[in-house]
Amino acid sequence: MKIIHTADLHIGSSFKELPENVRKIRKIELLKSFQSLVDYAKNNSIKVILLAGDIFDNDKVNKSDKEFFYDIISNNADIDFLYLRGNHDIKSLINRTDISNLKLFNNDWKEYIYDNVVISGIELDDSNLTSLYTSLNLNKNNFNIVMIHGQIVNSISNPKYDIKIDKFKDKFIDYIALGHIHSYSQNALDNRTIYAYPGCLQGRGFDETGEKGFIEIDTEAKTYTFKKFAKREIYKVELDISSTKSEYEAYILVKKKINSLHSDAIIQLIIKGKVDYDFTNLELLVKEEIKENFLYSEIKMNVIKKVKYQDYENDISLRGEVIREILKRDFDEDTKNEILSDCLKLLDGEEIDL
Ligand SMILES: [Mn+2]
């Protein structure tokens, strides 16, 4: 059979990094992405979806978001939703025992059985953090999936949400469906066991960049395939323009970079480097270029103008005096350039970042 493994939807997130109008769009997109996931399941005859924790961002997610989520579940009765709570939604009260295809977990091992596929899960708390490894007993003839939400560690630092993954070795587990870490990863634990984080379904900010999606488990083929699913990419791009000889060249370089990225994305573009020309218009040029193609963009200019101090070295002026003074000091070339650049800006009446 095929099973979807997802986690860390964080429905109800505030998207604080984004401006108000974009925030609203992203909140709705996040909610809708769960419906899209269910549509995917239907189109691919998938009857079980694992929700490995942090489905809600906190315990106070507004009522309409919660109801929408539960209505999706109750209106798709041919799919079982196995919902194991994480550290963000552990206290959220789930009074929805009326939904028969919503399968929940608690702080003892609980299993759901589909023919020879056995899915066991446990919600971590103080009472089970040491006993949970020994209290799990699986039949080696089944296909065994274990659901758990927390951080994989070697030594426990945060008992409530740390998982000593080594202790799951040689327990006849085929797949450990994890939640908590927001990017995808998959590793082998022993000859039989694979453990994986699907990451979040949608990136929320510039600390959640890269491809986002879910994992499709095929219990017969024993494959665990990451499926890219997020509607939008979130990019954090650093572009060095040091090789350019003019503002125009820099503009073309940035334009090419922007055009190579997926449109409709969210982007933070950091333009950096050292150049020896003026770049007064570059930021605005790039802003114009970027705003048409992206839902939201941020531009940071970390460009330093190289000073050709040879041009001023012999000036009889305050500028000349300052340059000669700095050149006498025992700084390396880069530091000299930065100081000279700042001094010349100050002498021109411009502001500098200290
Ligand atoms: Mn978590």
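Up top is the structure these notes are about.
What you are looking at is a predicted structure, and each value in this text was computed from that prediction instead of being measured.

The helix and strand inventory of the protein stands at six helices and 17 strands. If you line up the protein on its principal axes, its C-alpha atoms span 90 × 40 × 40 Å. Burial status across the protein gives 48% buried among its 354 residues. Taking contacts inside the protein between residues at least 6 apart in sequence as the whole, the part at least 24 apart equals 65%.

Once that is clear, we can look at the coordination of the manganese ion. Looking at the manganese ion, one finds its protein donor set to be Asp54 (OD), Asn87 (OD1), His149 (NE2) and His180 (ND1), positioned 2.0 to 2.3 Å from the metal centre. Between consecutive donors of the manganese ion, the numbers of intervening residues give the motif D-x32-N-x61-H-x30-H. You can see Asn87 sitting in the loop between strand E3 (80-83) and strand E4 (102-104) and its partner His180 sitting in the loop between strand E10 (175-179) and strand E11 (185-188), a full 93 residues away along the chain. Judged by its relative accessible area of 26%, Asn87 is partly exposed.

Locating Lys66 in the fold gives a position in helix H2 (residues 63-74). Setting aside residues up to four positions removed in sequence, Lys66 forms contacts with Phe56, Asp59, Val61 and Ser92.

What counts, and at which threshold
- Each chain carries its own residue numbering, running from 1 in the written order of its sequence.
- Note on the predicted model: pLDDT of at least 70 is required for a residue's local features to be given, and 80 or more for side-chain atom pairs to be given and counted; whole-chain, interface and lining totals, by contrast, use all residues.
- Heavy atoms from the whole structure form the basis of all side-chain values; hydrogens and water molecules are not counted.
- In DSSP terms, a helix is any run of H or I states spanning at least four residues, a strand is any run of E spanning at least two, and both are numbered starting from the N terminus.
- The cut-offs for exposure are 20% and 50% of the maximum accessible area for each residue type, with area from a 1.4 Å probe on protein chains only; residues under the lower value are buried, those over the upper are exposed, and the others partly exposed.
- By definition in these notes, contact holds between two residues if any of their heavy atoms fall within 4.5 Å.
- Coordinating N, O and S atoms are those within 2.8 Å of the metal (3.2 Å for Na, K and Ca), and as water is not part of the atoms, a site may appear to have fewer donors than expected.

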